[in-house]
Amino acid sequence: MSRHQTVLVTAATGRQGGTTARALLAEGSTSVRVLVRNPEVPNARALAAAGAEVVVGDLDDLASLRAACAGA
């Protein structure tokens, strides 16, 4: 039995994180959650439009990381 997974991608508006998130979205077998500092930047909006769940956080903010990782 296959289990549905959620993958968290950090630095999703950057080059590596963005490429990873877009590849996972294109592959389509997982839910993609992206961690961004600003959900209003064009790269974050594009990922949301492509189907990613956008969560706001920062790698220096432990509480935001815990929230972003919940269920992923």
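Check the entry above for the structure.
Only a predicted model underlies this, so the values are computations on that prediction, with no experimental measurement involved.

A. Inspection of the sheet that holds strand β3 (residues 53–56) at higher detail. Across the sheet, which stays open at both edges, the three strands sit in the order β1-β2-β3 with parallel pairing between neighbours. The outermost strands of the open sheet, each flanked by one partner alone, are β1 (5–9) and β3. Each neighbouring strand pair of the sheet contributes to a mean axis angle of 25°, computed without reference to strand direction. In the sheet, β1 pairs with strand β2 (residues 30–36) via five bridges, with the strands oriented parallel. Directly across from V7, in β2, lies its bridge partner V32.

B. Here's a closer look at helix α3 (residues 62–69). For α3, every residue scored as buried is listed here: S64, L65 and A68. Burial along α3 is one-sided: seen end-on, the buried residues are contained in an arc of 100°. Of the exposed residues in α3, those oriented more than 90 degrees away from the buried face are L62, A63, R66 and A67. Check the buried side of α3 and you find it contacts β1, β2 and β3. Residue D61 occupies the N-cap position of α3, its side-chain oxygen lying 3.2 Å from the main-chain nitrogen of A63. After α3 finishes, the residue G71 shows a positive phi value of roughly 85°.

C. View of the environment of G18. Examined against the element boundaries, G18 turns out to sit in helix α1 (residues 15–27). Separated by 26 residues in sequence, G18 and A44 have C-alpha atoms that sit 8.8 Å apart. Excluding residues that lie within four positions of it along the chain, G18 makes contacts with A11 and A12.

D. Geometry of unusual backbone geometry. Positive phi values are uncommon outside glycine, yet A11 reaches one of about 55°. Within the secondary structure layout, A11 lies in the loop between β1 and α1.

Criteria and thresholds
- Residues numbered from 1 in each chain as written.
- Predicted model: local features only at pLDDT ≥ 70, side-chain atom pairs only at ≥ 80, totals over all residues.
- Heavy atoms only, no water.
- Pairing = 2+ DSSP bridges.
- Helix = DSSP H or I, 4+ residues; strand = E, 2+ residues; numbered from the N terminus.
- Axes fitted to C-alpha atoms, helices over the stretch in contact; angles between N-to-C directions.
- Buried < 20%, exposed > 50% of the residue type's maximum accessible area, 1.4 Å probe, protein only.
- Arc of directions from axis to C-beta.
- Contact = heavy atoms within 4.5 Å.
- Polar contact = N/O pair within 3.5 Å; in protein donor to acceptor, adjacent residues only side chain to side chain.

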